[in-house]
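# Observations on chain architecture
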Amino acid sequence: DDQCEHSPVINQKTRHLARLLIVLDFMIGLLCFAVAVDVYFLLYAPSSPGDQLVRHMLLLPPVAVAQLLALRILWNPARTLMGSATLIYAIKLIGIVLAFLSIVIFTAKLEFVSRIIIMSWALSYFGSIITVRYFLRFWYFRFRVEHRSNFRKVLVIGTGQRAERVSSKIAQREEWG
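What you see is a predicted model, and the numbers here were worked out from it, not measured in a lab.

## With respect to a nonpolar patch on the surface
Residues Leu 31, Val 35, Val 39, Leu 42, Leu 43, Tyr 44 and Ile 116 make up a contiguous nonpolar surface patch of roughly 740 Å² in combined accessible area. When residues in the nonpolar patch are grouped by element, the largest group, five residues, is from helix H1 (residues 8–43). Of note, Leu 42 is situated in helix H1. With a relative accessible area of 66%, Leu 42 lands in the exposed category.

Right, dumping it as structure tokens:
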């Protein structure tokens, strides 16, 4: 498995980020779908009745269920912001959601669903996932660096076994100093 062998502080930070990303991915997907529907009806069908807009918005629950299913399938807290893994993750996530949504649309015989809405949602969702992950990678691991004053310097005096044990224990636990 790809579990990290880092200090508890780094592992805790990684787990926190993984939970944050799950919530962000879910909310961004729903927001992208709602925006895709709204933009479609503003640009392509400004004179169409409001019931079409409402019918398309009724697809939000299947989109939400598909996203939760896909996020559950793809859950791996060890791989959150790695370079090419982000692209593969986004493609898998959107692929699973599109497959589930296609099955729902086909089995329920929903002929009113616009392919333009579905494709604009998929493209905006993909772009949003990539953008958010790279922004978080930059902000969470580079921009938000701990201040030097938060670290302690430890001087171990001696060369005996006791000093070596203390030194190795401190080296194993980065959060001690």
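Structure shown, so let's carry the discussion forward.
## Let's talk about the confidence of the model for the protein chain
Per-residue confidence for the protein chain gives a mean pLDDT of 77; residues scoring 70 or more make up 76%. Here helix H2 (residues 50–57) is the element of the protein chain with the lowest mean pLDDT, 79, and helix H3 (residues 60–74) is the one with the highest, 85.

## A word on H3
Relative to the 21 Å expected for 15 residues at 1.5 Å per residue, H3 spans 21 Å between its end C-alpha atoms, a close match to the ideal helical length. For H3, the full list of buried residues reads Pro 62, Val 63, Ala 64, Ala 66, Gln 67, Ala 70, Leu 71 and Leu 74.

## Comments concerning the environment of Ile 96
Summarising the element assignment, Ile 96 is placed in helix H4 (residues 83–107). The spacing of Ile 96 and Leu 74 is 22 residues in sequence and 9.8 Å in space, taken between C-alpha atoms. Apart from the residues within four sequence positions on either side, Ile 96 is in contact with Ala 70, Ile 73 and Leu 74.

About the criteria used
Residues numbered from 1 in each chain as written. Predicted model: local features only at pLDDT ≥ 70, side-chain atom pairs only at ≥ 80, totals over all residues. Heavy atoms only, no water. Patch = residues over 30% accessible without salt bridge, like charges linked within 9 Å, V, L, I, M, F, W, Y side chains within 5 Å. Areas by Shrake-Rupley, 256 points an atom, 1.4 Å probe, with all protein chains shown as cover. Salt bridge = Lys/Arg side-chain N within 4 Å of Asp/Glu carboxyl O. Helix = DSSP H or I, 4+ residues; strand = E, 2+ residues; numbered from the N terminus. Buried < 20%, exposed > 50% of the residue type's maximum accessible area, 1.4 Å probe, protein only. pLDDT = per-residue confidence, 0-100. Expected span 1.5 Å × (residues − 1). Contact = heavy atoms within 4.5 Å.

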